[in-house]
Amino acid sequence: HGIISREQADEILAGVEGAYILRESQRQPGCYTLALRFGNQTLNYRLFYDGKHFVGEKRFESIHDLVTDGLITLYIETKASEYISKMTTNPIYEHIGYATLLREKVSRRLSRTKNESRKASVTSEENTTVEKITSLVRRAALTQNDNHFNYEKAHNFKVHTFRGPHWCEYCANFMWGLIAQGVRCSDCGLNVHKQCSKYVPNDCQPDLKRIKRVYCCDLTTLVKAHNTQRPMVVDSCIREIEARGLKSEGLYRVSGFTEHIEDVKMAFDRDGDKADISASIYPDINIIAGALKLYFRDLPIPVITYDTYSKFIEAAKISNPDERLEAIHEVLMLLPAAHYETLRYLMIHLKKVTLHEKENFMNAENLGIVFGPTLMRPPEDSTLATLNDMRYQKLIVQILIENEDVLF
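Residues numbered from 1 in each chain as written. Predicted model: local features only at pLDDT ≥ 70, side-chain atom pairs only at ≥ 80, totals over all residues. Heavy atoms only, no water.

J.: An account of the sheet that holds strand 6 (residues 182-185) is needed here, citing residue identities and associated values.
T.: If you trace the three strands from one edge of the open sheet to the other, you get 5-6-7, paired in antiparallel fashion. Every other strand in the sheet has two partners, leaving strand 5 (157-160) and strand 7 (191-192) as the edge strands with one partner each. Taken together, the four bridges between strand 5 and strand 6 define a ladder with antiparallel strand orientation. Each bridged residue has a counterpart across the sheet, and for H160 the counterpart in strand 6 is G182. (Pairing = 2+ DSSP bridges. Helix = DSSP H or I, 4+ residues; strand = E, 2+ residues; numbered from the N terminus.)

J.: Residue-level account of the packing of helix 9 (residues 258-271) against helix 10 (residues 285-298), with values.
T.: Contact pair helix 9 / helix 10: the axes reach a minimum separation of 9 Å and the direction vectors enclose 65°. Seen along the crossing, helix 9 lies across helix 10 with a hand that is right-handed. Two secondary-structure elements touch here, helix 9 through H260, I261, E262, V264 and K265 and helix 10 through I287, I288, G290, A291, L294 and D298. In the contact of helix 9 with helix 10, the residues fall into six nonpolar, two polar and three charged. (Axes fitted to C-alpha atoms, helices over the stretch in contact; angles between N-to-C directions. Left-handed = near helix turned anticlockwise from the far one by under 90°. Contact = heavy atoms within 4.5 Å. Nonpolar A, V, L, I, M, F, W, Y, C, P; charged D, E, K, R; others polar.)

J.: Can you tell me about the environment of D263, naming the residues and giving the values?
T.: Assignment of secondary structure puts D263 in helix 9. Sequence separation of D263 and A291 is 28 residues, and the distance between their C-alpha atoms is 9.0 Å.

J.: How would you explain the packing of aromatic side chains if you had to name every residue and give the values?
T.: Where two aromatic rings form a pair, the distance of their centres and the angle of their planes describe that pair. Counted according to the given criterion, the structure contains seven aromatic pairs. Measuring from centroid to centroid gives 6.4 Å for Y170 and Y199, while their planes differ by 25°, and the two rings are stacked. Residue Y170 is found in the loop between strand 5 and strand 6, and its partner Y199 is found in the loop between strand 7 and helix 7 (219-226); the two are separated by 29 residues along the sequence. Classification of Y170 by relative accessible area gives buried; the value is 8%. Ring centres of Y215 and Y295 lie 5.6 Å apart, and the angle between their planes is 90°; on these two criteria the pair is classed as edge-to-face. With Y215 in the loop between strand 7 and helix 7 and Y295 in helix 10, the pair connects residues that are 80 residues apart, well separated along the chain. An identical accessibility class is assigned to Y215 and Y295; each is buried. Here the aromatic cluster, defined as three or more aromatic residues joined through ring pairs, consists of Y215, Y295 and F296. The aromatic ring of F54 is capped on one face by R59, whose charged end is 3.8 Å from the ring centroid. (Phe/Tyr/Trp six-rings, centres within 6.5 Å; stacked < 30°, edge-to-face > 60°. Buried < 20%, exposed > 50% of the residue type's maximum accessible area, 1.4 Å probe, protein only. Lys NZ or Arg CZ within 6 Å of the ring centre and 35° of its normal.)

J.: Lay out the pattern of salt bridges with the relevant residues and their values.
T.: All told, the structure shown has 15 salt bridges when counted by the stated rule. Note that K52 is salt-bridged to E61, the shortest N-O span being 3.4 Å. When its relative accessible area of 35% is taken as the criterion, K52 is described as partly exposed. The partner of E365 in a salt bridge is K394, and the shortest N-O contact between them spans 3.4 Å. Pair noted here: E365 is in helix 15 (residues 364-375) and K394 is in helix 16 (residues 383-402), with a separation of 29 residues, a long-range link. Taken together, the shared-partner salt bridges connect R230, D235, E341 and R344 into one network. (Salt bridge = Lys/Arg side-chain N within 4 Å of Asp/Glu carboxyl O.)

J.: Let's hear about the sheet that holds strand 1 (residues 20-24): which residues, and what values?
T.: With antiparallel pairing, four strands are arranged side by side in an open sheet as 1-2-3-4. If you trace the sheet from one side to the other, it starts and ends with strand 1 and strand 4 (53-54), each paired once. As paired elements, strand 1 and strand 2 (residues 32-38) share five bridges and run antiparallel to each other. Bridge pairing in strand 2 places E24 opposite Y32.

Here it is as structure tokens:
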């Protein structure tokens, strides 16, 4: 309708519920407003376009779809505002839907698993009700004693458009709207209202059908999806290296052929823990060592997480050795459980590598140079920060190797 005032828009739309027009702003030419008639009044929204139309978070192919979704939302919020405000106060999450499926999964896993490390986290609860076990698996607070057994994982919620009527698995209420009615966890498939997602506990149990690869997958997501204590890549590669490569000169420093390392990566992505990395397929142990380092480099969140990076760097700068060791130990306790366990297992392995220094020429300092940038990266992608921190990255890994029996 070109440049018209709010008053003119109100006159055009008067008395026609659900009618709308677009107008160019008088105060800001080139900017556009959606004028929408609802509840016997004209509502005005600043309209944006970036390939799709939007006034808020949701983006639409057409203005008509935007208005349709807006009218649905306005109607629901007007007629059921009190009810909506109470939706999250009495959730059904503990009793039906995802929680029930999770209880069944946990029960099946506990009944068939022979993994001693998993038993350690639930032994005292195995004879209690499934409800109690579920609560333990999902919510038990991490302590220093069980830090590397009990893995909590937040849901990976993404805005989702549901086809047909859909109900929230947290509050059991209808998810309204034309598109983007709620959020779905891309790791386990849990569907909830966006507002309900704030109340869902960190109890995501990733579904293997949704985890398409091993490399480049979040570490905690991978171990929970495969029901393992550590990423199977780490276990398989370390097992192979310790069986036939501890005395290999320049272990971890000498590079294997890049194309062969990529082959190992694809084997793990395709076959998981059944990937064949034996000497008959890959006689050069440096290929296996390279595949292990590549796994750590490809992690979206490094083993030493972005959240703890600066704390580790600050600890490394402490001049007093005893105080530095204590500070590093305190920061280790802040790592997510799966990250802690993976780091612990790797340091035990690297300590074994240093015991063969006479043959492989790899001491803790040399391994620190190799693994420092591999295990920890600064949160901001800054070349200068990386260069400035390299000596501290090396020192952290060197200290972790030399003191693994004390720190872990």
